[in-house]
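One letter stands for each residue in the lines below.
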Amino acid sequence: MQVGHKRRLRDFHQARWDEELIFELSVPGERGVLVPEAEEKIRRVAGDGISTIPAHLRRKTPPALPEVNQPRIVRHYTRLSQETLGVDVTPDISLATCTMKYSPKVQEHVVSRHPGITQVHPLQDEDTLQGILEIYYQLEQFLKAISGMDHFSFQPGGGAQAIFTNASVMRAYHASRGESQRDEVITTIFSHPANPAAAATAGYKVVTLMPDERGLPSLEAMRAALSERTAGFLITNPEDTGIYNFNIDKYVQAAHDAGALCAYDQANANAVLGIARARECGFDLCHFNLHKTFSAPHGCMGPALGAAGVTEALEKFLPVPRVTYDGKTYHLDDDRPHSIGRVRSFIGNVPVALKAYAWIRQLGGEGLREVARCSVLNSNYLEKEVRRIPGVTVHYAEGRRRLEQVRFSWETLKEETGVGTEDIKRRIADFGLQHYWTSHHPWVVPEPFTLEPCESYSKADIDEYAAVLAKIAQEAYNDPEFVKNAPYRSTVHKIPDQYIDEADRIAITWRQYLKKGLNRVPHEGDE
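These numbers come from a predicted model, not from an experiment.

What counts, and at which threshold
Residues numbered from 1 in each chain as written. Predicted model: local features only at pLDDT ≥ 70, side-chain atom pairs only at ≥ 80, totals over all residues. Heavy atoms only, no water. Domains from an automatic or database assignment. Contact = heavy atoms within 4.5 Å. Buried area = accessible area lost by both parts, 1.4 Å probe. Salt bridge = Lys/Arg side-chain N within 4 Å of Asp/Glu carboxyl O. Polar contact = N/O pair within 3.5 Å; in protein donor to acceptor, adjacent residues only side chain to side chain. Helix = DSSP H or I, 4+ residues; strand = E, 2+ residues; numbered from the N terminus. Nonpolar A, V, L, I, M, F, W, Y, C, P; charged D, E, K, R; others polar. Pairing = 2+ DSSP bridges. Axes fitted to C-alpha atoms, helices over the stretch in contact; angles between N-to-C directions. Core = buried A, V, L, I, M, F, W, Y, C linked by side-chain atoms within 4.5 Å. Buried < 20%, exposed > 50% of the residue type's maximum accessible area, 1.4 Å probe, protein only.

## Concerning the domain arrangement of the protein
Accessible area lost upon the coming together of the parts is a frequently used measure of interface size.
In step 1: In terms of domain boundaries, the protein breaks down into domain 1 (111-362) and domain 2 (364-485).
In step 2: The interface is formed by 32 residues belonging to domain 1 together with 23 residues belonging to domain 2.
In step 3: Both sides together, the interface formed by domain 1 and domain 2 hides about 2,100 Å², and carbon and sulfur atoms give 62% of it.
In step 4: When residues of domain 1 are sorted by the area they lose upon contact with domain 2, Phe190, Asp240 and Asn270 head the list and together hold 23% of the total.
In step 5: Counting every contact that joins domain 1 to domain 2 gives one salt bridge.
In step 6: The salt bridge involving Arg407 is made with Asp240; its shortest N-O contact spans 3.6 Å.
In step 7: The interface formed by domain 1 and domain 2 contains nine residue pairs in polar contact (both at pLDDT 80 or more).
In step 8: In terms of residue count, helix α11 (residues 350-387) provides more of the side of domain 1 that touches domain 2 than any other element does, four residues in total.
In step 9: Tallied by class, the residues present in the side of domain 1 that touches domain 2 amount to 17 nonpolar, nine polar and six charged.

Spelled out as structure tokens, the structure:
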């Protein structure tokens, strides 16, 4: 694309289909594929596939699956694909810490096509799973080198569950030392919110530190919060503001002096790959979101994988099974009496682990450092462009560089025009961009939006993104109501916010949809 200013704003209008749900397309008897009967030779070896299932577990009636022929089902999903936005059609900077990377298609091809991946089952004997077990083992060696930790578990199903795992490891560690009175954890308001949430789920009372004018918690406040009840300190660094805490080792030492463990939330480690490690900062535990930093697509809040890492002293508490190697063969080791047990089934999300393994192998050590440098460079450039837009401010630490992301604010624009971040979030869909990430709640930064271009995006991508925000800010000053009623060229128009709280209009399954009568066509006179 030409990078002239006028070409940065696309003449975009998204497809809009009045598309039914797949269940509504169902016609009894229609089939997409006719599955042939098993051959006699296969029957003799494998049986009929039914008789080995206990009678009380067999269905009484067939599942209510949609019955749709092949052309109609292809049209259905093609239309739905035209109503989506993502990295394959637009610079997907918007979702910042949720997902922001280009993910090489070769990884998707291997995961979705290679029979060594698609045709294995977790209940197979480990002798027949040596390939995927080797990938798990080697991926662990990579993350050990990247973090400085001594061991990793890939069983958690995401970052929040990895934090839950680490919080559970903390509890097992303190219990093993007879210190079960440690029932508090300390975190910060700008750390990822899964830290307090997962710790609370693990049974801890959460103490949250607020930032000072630097955008960081003060060391004095940290020391004041520590006590004989403190089990752990959980922190993200840089936090969601993008501000890196260079004195993090002093916070860790203060926690250690009080007998607490320290967990480093590295869900998003784009800025520090090959630059800084959890080990040198003194942490006892850390976790990575492989679906963020290591370029396995987030998949719209899943699938995911949280890699939980620990030092040698905590290894015995990690979830089972552990993948081990005796020099010849890889094994699944469940014989770990001190383990916290399983946090999910089997060995975790294999496709995500494979994508992360492939990504690291493709880049190598120097490539990972280049990822960090480009992530910070791209973010600094985008910050410079966005700060020029009227109505934008950046709270805390004026004059100091952020790393790979920035939490911006439309506070001034809101005060001057009435247009806030939620309005702009909808309006950018009219330019073919996915809605951006605002902030976790509560909004400590007023009218927030958090951008994180990472290493994947070109200068042209970043310029296009900044030009869209500048255009919308200009619209807000000229005609605020126009922005507040957006979007106009997207799949849907503005949705009334109150619907999200109307429980009788929410259905998350087809069965629930029918039960609530939401499929009933409204008639004249209906409320």
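## Things to note about the sheet that holds strand β11 (residues 406-409)
Sheets are built from strands paired through backbone hydrogen bonds, the pairs being either parallel or antiparallel.
In step 1: Spatially, β10-β11-β12 is the arrangement adopted by the three strands of the open sheet, whose pairing is antiparallel. Each having just a single partner strand, β10 (393-394) and β12 (448-451) make up the two edges of the open sheet.
In step 2: Across two bridges, β10 lies against β11 in antiparallel orientation. Among the inter-strand pairings, Thr393 is bridged to a residue of β11, identified as Ser409.
In step 3: Each of β10, β11 and β12 is contacted by α11, which is oriented at about 5° to β11, the strand it contacts most.

## So, unusual backbone geometry
In step 1: Following Asn237, the chain continues into Pro238 via a peptide bond in cis, with omega recorded as 0°.
In step 2: Along the polypeptide, Pro238 turns up in the loop between β4 (230-236) and α9 (248-257).
In step 3: Here the bond from His441 into Pro442 is cis, since omega is 0°, no more than 30 degrees from zero.
In step 4: A positive phi angle is found at Ala397, which is not glycine, with a value near 45°.
In step 5: On the secondary structure map, Ala397 appears in the loop between β10 and β11.

## As for the nonpolar core
Considering soluble globular proteins, one finds that nonpolar side chains tend to be buried as a cluster.
In step 1: In terms of nonpolar packing, the biggest core is built from 60 residues, with Leu143, Leu290 and Phe294 touching the most fellow members.
In step 2: Of all the secondary-structure elements, those providing two or more residues to this core are α5 (130-147), α8 (219-225), β4, α9, β5 (261-266), α10 (278-281), β6 (285-289) and α11.
In step 3: Both domain 1 (111-362) and domain 2 (364-485) contribute no fewer than three residues apiece to this core.
In step 4: With residues up to four places along the chain from it excluded, the contact list for Leu143 reads Gly148, Phe152, Phe154, Phe288, Leu290, Phe294, Ala307 and Ile360.
In step 5: Counting residues in each nonpolar core, the second largest holds 28 residues, with Leu382, Val392, Val419 and Ala466 among its members.

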